[in-house]
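Structural features, examined
The lines below spell out each chain.
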Amino acid sequence: MSDETINELILRRHEKLKEFRDKGMDPYGEKYPAAHQAAEILNDFEALDGKEVSISGRLMTKRGHGKAGFANIQDDTGQIQVYARLDDLGKDNYECYQLLDIGDIIGVQGSVFKTRKGEVTVAIKDFRLLSKALRPLPEKWHGLKDVDLRYRQRYMDLIVNPEVKKVFILRSKIIQAMRDYLNERDFLEVETPMMHTVTGGADARPFITHHNTLDIDLYLRIATELHLKRLLVGGYNKIYELGKVFRNEGISTRHNPEFTSLEVYQANTDYFDMMSLTEEMIHKISRQIFGSSSITYQGEEMDLTPPWPRLTMLEAVKKYADVDFSTIITDEDSREVAQKMNLEIDKKATRGEIINLIFEEYVEKHLGQPIFILDYPIEVSPLAKRKKEDPGFTYRFEAFMACSEIANAFTELIDPVDQKERFTKQAEKRAAGDEEAHMMDEDFVTALEYGMPPAGGLGIGIDRLIMLFTDSPSIRDVLLFPTMRPRD
RNA sequence: GGGCCAUUAGCUCAGUUGGCAGAGCACCUGACUUUUAAUCAGGGUGUCCCAGGUUCGAGCCCUGGAUGGCUCACCA
């Protein structure tokens, strides 16, 4: 906002800045020893009635009555009314009070009382200007609605829209609860590199950056998976990483180029154990933070009580798309089915790819209540262990809620020879133009060759989960500073 | 990237058939010492997103562009 649109409102505030200085009050003062907070005074009125308190916060409203006036001060805990009287403040201080603008941050010291109408109020004995606001705040009643401005100038959104502030407090609490859950169970939080020489762990196009001294291009990570598994090779048995990953793809209400993922790995477990962990952790967070086993998202109530229903992908496709792949065995027959369903497919599409496509087209939209979908085709699961009894599928599940994938997990592929073959197939796809296919990660295969213990792994899209918990329709509502195209 | 919609005062929004640019809040002046969307009297503060075009005349119609929202595609 460097384009100084010096309009009358801003100009007037600059004048007041000078007036405060002329009156000997520093408009950008020092730290204020506030001993109380707004919510505390409101809650403990009985104890504080008639007592001296001090608070600091932002002036949000002002109601003048000549030789007295009311105002509301907003601090981190909420708003409280203050009362200024000429008789209490004296002529000079009262003139200063009258000079205050909505938006200014002030420190107030005074005594607590209740007005005739019953509102807990602080009668000001002394106040100090702590920070003069030079720009006017949005309107008090409608707040700031323009979503563009809300995202670009989130600080303003947070000042005037209290429910927005709540969302991010909840976000913090949910993430904290996850950490607590895992830490209590002796998982170790680790940090792995965000800049990779080879990307992997997900189907996605990466961001590319450059290291000057090494003179090499680096990729911002698209997942934490391959490094975390290296740590299982190294001997850690229970680890997790919670952090940002970056995918160079479209932006939508469900996608932001950078987002937060949680990945958890545990030796000597399989995907059934990861299912238990997923449903138990999410249920427990809901109980702990919202005091309920169910949440309501966009009008639909969802029961999080474990165990969640489980369907294999084949069962789900049969149930919702009415296609029974137990009798469709070859790739040719599968392609024929896909054509009959008017699905756009590649000439070389395999049975597994078609099953996955039908699942995405016909099944996902039905998965409103929490559910685990098990056993994904091997073609779309290059890092998951092959099913012993059905080698075209893997021990992989995804958890769905509100028709949205919120977790992805598998019994990890630990066979280095199989892994190398899968990478080779992915590399072929990549060479054929599929920019989202996985890259060959030689070092990861080498790590597996030293022996990785059998393990289950789990990934959760934290932002999507927080959308559900906070009933937010857009991922931007749970990101403090969502990615925006720059102005001009 | 495609489609649809939006963009007017600091904020929230009206704006008729193409004919002087509007309201509420905020702000400014005055009154008011327990108000609370304070009230009362007065004041309109503007690059109508940008650039062209049509027209005697454009906030409005046309073309192109910018940004955002929704949606489809892609993904998580």
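Residues numbered from 1 in each chain as written. Chains lettered and ligands numbered in written order. Predicted model: local features only at pLDDT ≥ 70, side-chain atom pairs only at ≥ 80, totals over all residues. Heavy atoms only, no water.

**Focus on the overall build of chain A**
The number of helices and strands found in chain A is 16 helices and 18 strands. Taking 23 Å as the expected radius of gyration for a compact globule of 488 residues, we find that chain A reaches 29 Å, considerably beyond that expectation. Principal axes of the C-alpha set define a box for chain A whose edges measure 90 × 50 × 50 Å. Among the 488 residues that make up chain A, the fraction classed as buried is 48%. Considering only contacts within chain A whose residues lie at least 6 apart along the sequence, 64% involve residues at least 24 apart. Working note: accessible area of chain A is about 24,700 Å², and carbon and sulfur atoms make up 50% of it. Here chain A contributes 65 positively and 83 negatively charged side chains, and the mean placements of these two sets differ by 6 Å. (Helix = DSSP H or I, 4+ residues; strand = E, 2+ residues; numbered from the N terminus. Rg over C-alpha atoms; globule rule 2.2 N^0.38 Å. Buried < 20%, exposed > 50% of the residue type's maximum accessible area, 1.4 Å probe, protein only. Contact = heavy atoms within 4.5 Å. Areas by Shrake-Rupley, 256 points an atom, 1.4 Å probe, with all protein chains shown as cover. Lys, Arg positive; Asp, Glu negative; His and termini not counted. Charge placed at Lys NZ, Arg CZ, Asp CG, Glu CD.)

**Overview of the protein's contact with RNA strand B**
Close contacts around RNA strand B come from 51 residues, with Gly64, Gln81, Lys140, His255 and Arg476 the closest. Residue Lys16 places a side-chain N or O atom 2.8 Å away from a phosphate oxygen belonging to RNA strand B. At a separation of 2.5 Å, a base nitrogen of RNA strand B approaches a polar side-chain atom of Glu119. Elements with a contribution of two residues or more to the surface near RNA strand B: α1 (8–22), β1 (52–64), β2 (68–75), β3 (78–85) and α6 (147–152). Among the elements that take part in the surface near RNA strand B, α6 stands out by supplying 5 residues, more than any other. (Near = heavy atom within 4 Å. Polar contact = N/O pair within 3.5 Å; in protein donor to acceptor, adjacent residues only side chain to side chain.)

**Some points on the pattern of salt bridges**
As enumerated under the stated definition, the model contains 33 salt bridges in all. Lys229 is paired through a salt bridge with Glu225; the nearest N and O atoms lie 2.8 Å apart. Here Lys229 and its partner Glu225 are both found in helix α9 (residues 225–234), 4 residues apart, which amounts to about one turn of the helix. The buried category is assigned to Glu225, whose relative accessible area is 5%. (Salt bridge = Lys/Arg side-chain N within 4 Å of Asp/Glu carboxyl O.)

**Description of the sheet that holds β2**
Taken in spatial order, the 5 strands of this closed barrel run β1-β2-β3-β5-β4, and their pairing is mixed. Within the sheet, the average angular offset between the axes of one strand and its neighbour, ignoring direction, is 55°. Here 6 bridges tie β1 to β2, and the two strands are oriented antiparallel to one another. The residue bridging Lys62 from the neighbouring strand is Ala71, located in β2. (Pairing = 2+ DSSP bridges. Axes fitted to C-alpha atoms, helices over the stretch in contact; angles between N-to-C directions.)

**Structural notes on the pairing of strand β8 (residues 208–211)**
Alignment of β8 against strand β9 (residues 216–220), held across 4 bridges, turns out to be antiparallel. Paired with Ile208 across the bridge in β9 is Tyr219. Here β8 folds back onto β9 in antiparallel fashion, the turn holding 4 residues, of which Asp215 has a positive phi close to 55°.

**Section: the sheet that holds strand β6 (residues 188–189)**
Strand order in the open sheet made by the 8 strands is β6-β10-β11-β18-β17-β16-β15-β14, with mixed pairing throughout. The sheet is open, and its two borders are formed by β6 and β14 (310–312), each paired with just one other strand. Two strands pair when backbone bridges link them, and β14 and strand β15 (residues 371–374) are joined in this way by 3 bridges, in the parallel orientation. When the sheet's bridge partners are listed, Leu311 is paired in β15 with Ile373. This element, α9, spans β10 (238–246), β11 (258–267), β17 (404–411) and β18 (455–461) of the sheet and lies at about 25° to β11.

**A closer look at the nonpolar core**
One finds Leu262, Met281, Phe397 and Leu458 to be the most contacted residues of the largest nonpolar core, which totals 45 residues. If we ignore the near neighbours within four places in the chain, the residues touching Leu262 are Met178, Leu182, Tyr240, Glu241, Leu242, Met281, Leu458, Gly459, Ile460 and Ile462. Counting 28 residues, the second-largest nonpolar core is a separate cluster that includes Cys96, Ile106, Val108 and Val120. (Core = buried A, V, L, I, M, F, W, Y, C linked by side-chain atoms within 4.5 Å.)

**Quick look at the domain arrangement of chain A**
You'll often see interface size given as the accessible area lost when the parts meet. Domains assigned within chain A are domain 1 (3–137) and domain 2 (160–309 + 369–478). On a C-alpha basis, the centroid separation for the pair domain 1 and domain 2 is 48 Å. (Domains from an automatic or database assignment.)

**Side note on the packing of aromatic side chains**
The full count for this structure, using the stated rule, is 13 aromatic pairs. Judged by centre distance (5.2 Å) and plane angle (25°), the ring pair of Trp308 and Phe372 falls under stacked. Residue Trp308 is found in the loop between β13 (300–303) and β14, and its partner Phe372 is found in strand β15; the two are separated by 64 residues along the sequence. Just as Trp308 is buried, Phe372 falls in that class too. Arranged with centres 6.2 Å apart and planes meeting at 75°, the rings of Phe423 and Phe444 form a pair that is edge-to-face. With a gap of 21 residues between them, Phe423 in helix α14 (residues 416–431) and Phe444 in helix α15 (residues 442–449) connect regions that are remote in the sequence. On the basis of relative accessibility, which here comes to 0%, the residue Phe444 falls in the buried class. Above the face of the Tyr181 ring, Arg185 is positioned so that its terminal group lies 3.6 Å from the ring centre. The positively charged end of Arg396 is found above the aromatic ring belonging to Tyr376, 4.5 Å away from the centroid. (Phe/Tyr/Trp six-rings, centres within 6.5 Å; stacked < 30°, edge-to-face > 60°. Lys NZ or Arg CZ within 6 Å of the ring centre and 35° of its normal.)

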